[in-house]
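Below, each chain spelled out in residue letters.
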Amino acid sequence: EPLRPQVAAWLDEHASSPQFAEVLSRYPALAASLPRVLACSPWVAGTLARNPGMLHQLASTRHLQASCTPQQYREMAAAPDIGTMSEPQCQQALRQLRHREMVRIAWRDLAGMADVEETLRDLSGLADALICAALDWATGSLSPRYGTPRVADGSPARFVVLAMGKLGGGELNFSSDIDLIFMYSDAGETDGRRSISNEEYFRFLAQRIITVLDKTTSDGFVYRVDVRLRPFGDSGPLAVSVPALETYLARNGRDWERYAYVKARVVNEWDEADAFNDQVLRPFVYRRYLDYGVFGSLREMKALIEAEVGRREYRDNLKLGPGGIREIEFIVQSLQLVRGGTIADLRERSLLKALDRLVKHGCLPESAAAELKAAYFFLRKLENCIQAINDRQTHDVPEKEIDRCRVVLAMGAHDWEAFCAGLRRHRDAVRSHFRDIVFRGVEEAGRDDAGAPVSGVWGGAPDELAGTLGKMGFDTPRAVADRLLRYRESNSYRRMDEHGRRRLDALMPAVIAAAAAEKNPAEALTGVMAVIEAIGRRSAYFALLNENPAALKRLVSLCAMSDFLSRQLAMHPLLLDELLDPRIFLDAPDRADLVADLESRRVAAADDDDEEVLFNAVSNFKQAAAFRVAVADLSGSLDVMKVSDRLTDIAELVLESAYRLSWRQLVSRHGIPGCEDESGKRDARFAIIAYGKLGGLELGYSSDLDLVFLHDSEGEQQVTDGPKPLENPVFFARLTRRIIHILTLSTSTGALYEVDTRLRPSGASGLMVSSLSAFLRYQRENAWTWEHQALLRSRAVAGHRRVRDAFERLRIQALTGYVHHDRLMADVIEMRRRMRRELSRGSADLFDIKQDAGGVADIEFIVQYLVLNSAPQHPDLLRYPDNIRQLESLAQYNVLDSSDAVRLSDTYKWYRRHLHHLALAGRKGFIDMGLAAEHAGFVRSMWEKVFTEARS
């Protein structure tokens, strides 16, 4: 009601004029929305009144009915003669375009024709176009005098406008400043009649751009330009060369600048923009590891802002106040900085898109993201509607009653009280999530005083520390104190920068307290110290643990459980990320979980063509997945069979990834291998065959991969079809070498796997990769009994399905038709005797689980002999490559007594469980002879029974 008199007065004065009356009569939809727009924005009302033809322009060009694309804006702003305009002419043209388009954007927003995303996109697209137009004019105005700026090799130097803040993110608000950084490609000088240095030329150019946009004339201004984000701020050069910017960021860039450069975007056309983003911005903004240290810096920034807000009493400030837009930006950009180094998909300038991607990659709960997005839409719409009232840069909720009425109308609220309730609800949600995410670690640490007893003595004298440790329950407090003090006095501690030492000093009291809560405090602390020493140069990991007390407690518990786990964490610090998930002790992963994890890491690295990044994604998956399996194993949520299943799954997924990456690399250069046989021309394909533990689905934590590589190429014409063709055998040999290289590449954290290829035809002297036909011929004509034993525990695990299926048919054909039955028993017995003689490492007191008589190898040889001997009569015995299911099949076909099969299976599982846990403890495969006596005795009796009956 209070808005009606003003709207009525405007319509009485202007609507009956010929220019307005004609437009309103011809465009009824426009006429229907006009009163609402006039009521919400006196600025629009005044602009239309001063420019009567503007309404006709908006209506006749149909601009009000749709959003504009960036290209349309560029076309509007790109006057062909802009370079020859005088400065006043250019200023007038840009301001008139700005006012017309701002009216159009405000109209669509206030009338409900555009959603928030459209409005922000239009505002940003318009700003880009006007900046580029100003650049065109400035360049044209300087060229006659100075000519073209050139670099050392004579090529033209390029000027670059870098948009920061909301413009960089494509989310500019209605009456915003624009934050710009001006750059140029490199030093040099101009080639005109008056030559000057590039530095001076581009300073002049930047000054002219600012003037034409920022200066207030009788037509107003285009944008207020803020250039304080440039290197060294107000004291730095107005335009900086790209090499100088790179040097500044590397040497002087601060955490708040990393936060700012998340949104940095090149506005004008520049061929080197992608390279600049990849080589200069990305290494500065995103670290190659989890960067939880950013939270501390952001909290310091936020504290300064809150102090400013409190001093100026900006409680109702939508941008800086509690639960405001800035807090949403802090949440999103801090998580981007933490995770963006390892997840390329998060390197996104748009806040809304980044929110979706944080959910996609499990960095933010979907419910939290939904609340933050709803609040962001509400606050940004409110911000625009407040600024559209008078085209003023304000973020405060209006105090005047008439302006509050405008807000209620524009926001679609019932009344002011209902609007305020909605605003409070959104701000409270933002505030809550901000505390949970950005201030979570500080608040949790503040509630947990477990580290209080040692917090004051961590840096104190040995006796004082030892006394405190004794009171906390350490059995050997002096030894533990000495261990801690040795580290505090070590070179690695002293070489830390001040930031790192401060983080570690804050962490150590909590580490000691958490270790004291374990059953074996000294062992727990020893394990954690190994991890701390390994990650000392990357103090961001200390920040991760400081920020996440629950993750720290999980770390200490895992180190208390297993030396293997602490060594894994020390070797692969990225595994600390796994400790952030509280389900690590509760939920054992299945194959679907592993597939999803690997796929998410691939997607995260998909925007990066760097082979190293893709390799790291696979490597990180392997380490993290094996770590989760080990935790599930030790916590009792996975039995021994499932442990091997999951470790086998991991190896298969890594092999498939290595195969795909290698295939893609070679095909891109040489094309797809093809051949011609009796059926005609076809592609030739490849597969990876697993033997041994991997082939038998019984992989352990430190098992090697026994691999054989096969292809199905044959015929006369065997060559690839690419620009650099290769003969197929050469192609497949290179493919095999690449796969092995990926698997065995030595990095700072070790290789993915050790690979053994000696089981290929003819062993170490044979070809690294064979054709299927050559492999079958070898099995028929040259294979030894032990090779058929090995083939029994083989299967295709990666590569093309056609070759994999062909191998399985070949395997069954060989094992049913080519085994030397006349000497099978003698060969098996002799091979086992030789293994015991050469490999057994047991003693009178210690039992070698794998190689001693009555151990794992005896069970495997019993099963292999029985299956190979009976396969011609019962081919189904060959269906499975693993011992447990082969034992079940032997009982099913009455080859082995069912009770004997069950007991052998149980004994085999018992042995494997001990081998797994010994590996996790970092120990060799030996157990007390007395503990193994009953199991070993039974296996020895079965050996005698099987081979005695076989002889008879």
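Note: the structure precedes this text.
Remember, it's a predicted structure, so these values are computed and weren't measured experimentally. (Residues numbered from 1 in each chain as written. Predicted model: local features only at pLDDT ≥ 70, side-chain atom pairs only at ≥ 80, totals over all residues. Heavy atoms only, no water.)

Before going further, it helps to examine the side chain of arginine 380. As for its position among the elements, arginine 380 is in helix 17 (residues 366-390). The exposure class assigned to arginine 380 is buried, which follows from its relative accessible area of 0%. Polar side-chain contacts of arginine 380 include one of 2.7 Å to the backbone oxygen of glutamate 171. A polar atom in the side chain of arginine 380 sits 2.7 Å from the side chain of glutamate 383. Dropping the residues within four chain positions of it, arginine 380 is found in contact with Val116, Leu120, Lys166, Glu171, Leu172, Asn173 and Ile325. (Helix = DSSP H or I, 4+ residues; strand = E, 2+ residues; numbered from the N terminus. Buried < 20%, exposed > 50% of the residue type's maximum accessible area, 1.4 Å probe, protein only. Polar contact = N/O pair within 3.5 Å; in protein donor to acceptor, adjacent residues only side chain to side chain. Contact = heavy atoms within 4.5 Å.)

Attention now goes to the packing of aromatic side chains. All chains considered together, the criterion is met by 27 aromatic pairs. Aromatic pair tyrosine 659 and phenylalanine 686: ring centres 6.0 Å apart, planes at 5°, arrangement stacked. In this pair, tyrosine 659 is assigned in helix 32 (residues 640-670) and phenylalanine 686 in strand 10 (residues 686-691), connecting sequence segments 27 residues apart. By the ring-pair criterion, three or more aromatic residues cluster together here, those being Tyr146, Phe159, Phe182, Tyr184, Tyr201, Phe202 and Phe204. The ring of tyrosine 286 has arginine 347 sitting right over it, with the charged end atom 5.9 Å from the ring centre. When the ring centre of tryptophan 943 is taken as origin, the NZ or CZ atom of arginine 836, which lies over that ring, is 5.0 Å away. (Phe/Tyr/Trp six-rings, centres within 6.5 Å; stacked < 30°, edge-to-face > 60°. Lys NZ or Arg CZ within 6 Å of the ring centre and 35° of its normal.)

As a further point, take the packing of helix 22 (residues 462-471) against helix 23 (residues 477-488). For the pair helix 22 and helix 23, the least separation of the axes is 8 Å and the interaxial angle reads 130°. As summarised for this structure, helix 22 and helix 23 are arranged oblique, according to the angle between their axes. In this structure, helix 22 meets helix 23 at a crossing whose hand is right-handed. Contact residues: Pro462, Asp463, Leu465, Ala466, Leu469 and Gly470 in helix 22; Pro477, Arg478, Val480, Ala481, Leu484 and Leu485 in helix 23. Grouping the constituent residues of the contact of helix 22 with helix 23 by class yields nine nonpolar, one polar and two charged. (Axes fitted to C-alpha atoms, helices over the stretch in contact; angles between N-to-C directions. Parallel < 35°, antiparallel > 145°, perpendicular 65-115°, else oblique. Left-handed = near helix turned anticlockwise from the far one by under 90°. Nonpolar A, V, L, I, M, F, W, Y, C, P; charged D, E, K, R; others polar.)

Time to look at unusual backbone geometry. Despite not being glycine, phenylalanine 232 shows a phi value in the positive range, around 65°. Within the secondary structure, phenylalanine 232 sits in the loop between strand 5 (225-226) and strand 6 (239-241). Phi at asparagine 894 takes a positive value of approximately 60°, unusual for a residue other than glycine. The residue asparagine 894 is located in the loop between helix 40 (883-892) and helix 41 (898-920) in this model. By relative accessible area, asparagine 894 is classed as exposed at 70%.

Our focus in this paragraph is the sheet that holds strand 12 (residues 719-720). Two strands in a sheet stick together by hydrogen bonds in their backbones, pointing the same way (parallel) or opposite ways (antiparallel). With antiparallel pairing, the three strands of this open sheet are ordered in space as 9-8-12. The two strands at the open ends of the sheet, each matched to only one other strand, are strand 9 (680-683) and strand 12. Sheet topology places strand 8 (residues 673-677) next to strand 12; two bridges connect them, and they run antiparallel. Bridging from a neighbouring strand, glycine 674 pairs with valine 719 of strand 12. (Pairing = 2+ DSSP bridges.)

A cluster of basic side chains, namely Arg669, Lys724, Arg734, Arg737 and Arg738, defines a positive patch on the protein surface. If one sorts the elements of the positive patch by residue count, helix 34 (residues 728-744) sits on top with three residues. Secondary-structure assignment places arginine 738 in helix 34. (Patch = residues over 30% accessible without salt bridge, like charges linked within 9 Å, V, L, I, M, F, W, Y side chains within 5 Å. Areas by Shrake-Rupley, 256 points an atom, 1.4 Å probe, with all protein chains shown as cover. Salt bridge = Lys/Arg side-chain N within 4 Å of Asp/Glu carboxyl O. Lys, Arg positive; Asp, Glu negative; His and termini not counted. Charge placed at Lys NZ, Arg CZ, Asp CG, Glu CD.)

Note that threonine 816 resides in helix 37 (residues 801-817). The exposure class assigned to threonine 816 is partly exposed, which follows from its relative accessible area of 28%. Separated by 396 residues in sequence, threonine 816 and cysteine 420 place their C-alpha atoms 81 Å apart. Those residues within four positions of threonine 816 in sequence are excluded, and the remaining contacts are Ala871, Pro872, Pro875 and Leu878. Among the polar contacts listed, one links the side chain of threonine 816 to the backbone oxygen of isoleucine 812, at a separation of 2.6 Å.

Before going further, it helps to examine helix 13 (residues 273-285). In an α-helix, one full turn covers 3.6 residues, which means residues spaced three or four apart are oriented alike. In the structure, helix 13 departs most strongly from a straight axis at glutamine 279, where the bend amounts to approximately 25° and where the proline proline 283 lies between one and four residues downstream. The set of residues buried in helix 13 consists of Ala273, Phe276, Asn277, Val280, Leu281, Arg282, Phe284 and Val285. Those residues of helix 13 hidden inside the fold are in contact with strand 2 (159-163), strand 3 (178-184), helix 11 (242-252), helix 12 (255-261), strand 7 (265-266) and helix 15 (325-339). (Bend = angle between axes of the 7 residues up to and from the residue.)

In regular strands, side chains alternate between the two faces of the sheet. Counting buried residues in strand 3 gives six out of seven residues, a clear majority hidden from the surface. The pairing of strand 2 with strand 3 spans five bridges and is antiparallel. Residue leucine 162 lies in a different strand from strand 3, and its bridge partner there is isoleucine 181. Taken together, the three bridges between strand 3 and strand 6 define a ladder with parallel strand orientation. When the sheet's bridge partners are listed, phenylalanine 182 is paired in strand 6 with alanine 239.

Inspection of the entire model under this criterion finds 53 salt bridges. Its salt-bridge partner being glutamate 22, residue arginine 26 comes within 3.6 Å of it at the nearest N-O pair. Of this pair, arginine 26 and glutamate 22 both sit in helix 2 (residues 18-26), four residues apart, which is roughly one turn of that helix. You can call glutamate 22 partly exposed: its relative accessible area is 41%. Of the charged contacts, one joins aspartate 177 and arginine 224 as a salt bridge, the two residues approaching to 2.8 Å between their closest N and O atoms. Within this pair, whereas aspartate 177 is found in the loop between helix 9 (165-168) and strand 3, its partner arginine 224 is found in the loop between helix 10 (198-214) and strand 5, the two being separated by 47 residues in sequence. Residue arginine 224 is classed as partly exposed on the basis of its relative accessible area, which comes to 24%. Linked through salt bridges whose partners overlap, the residues forming this network are Arg591, Arg646, Asp649, Glu652 and Arg795.

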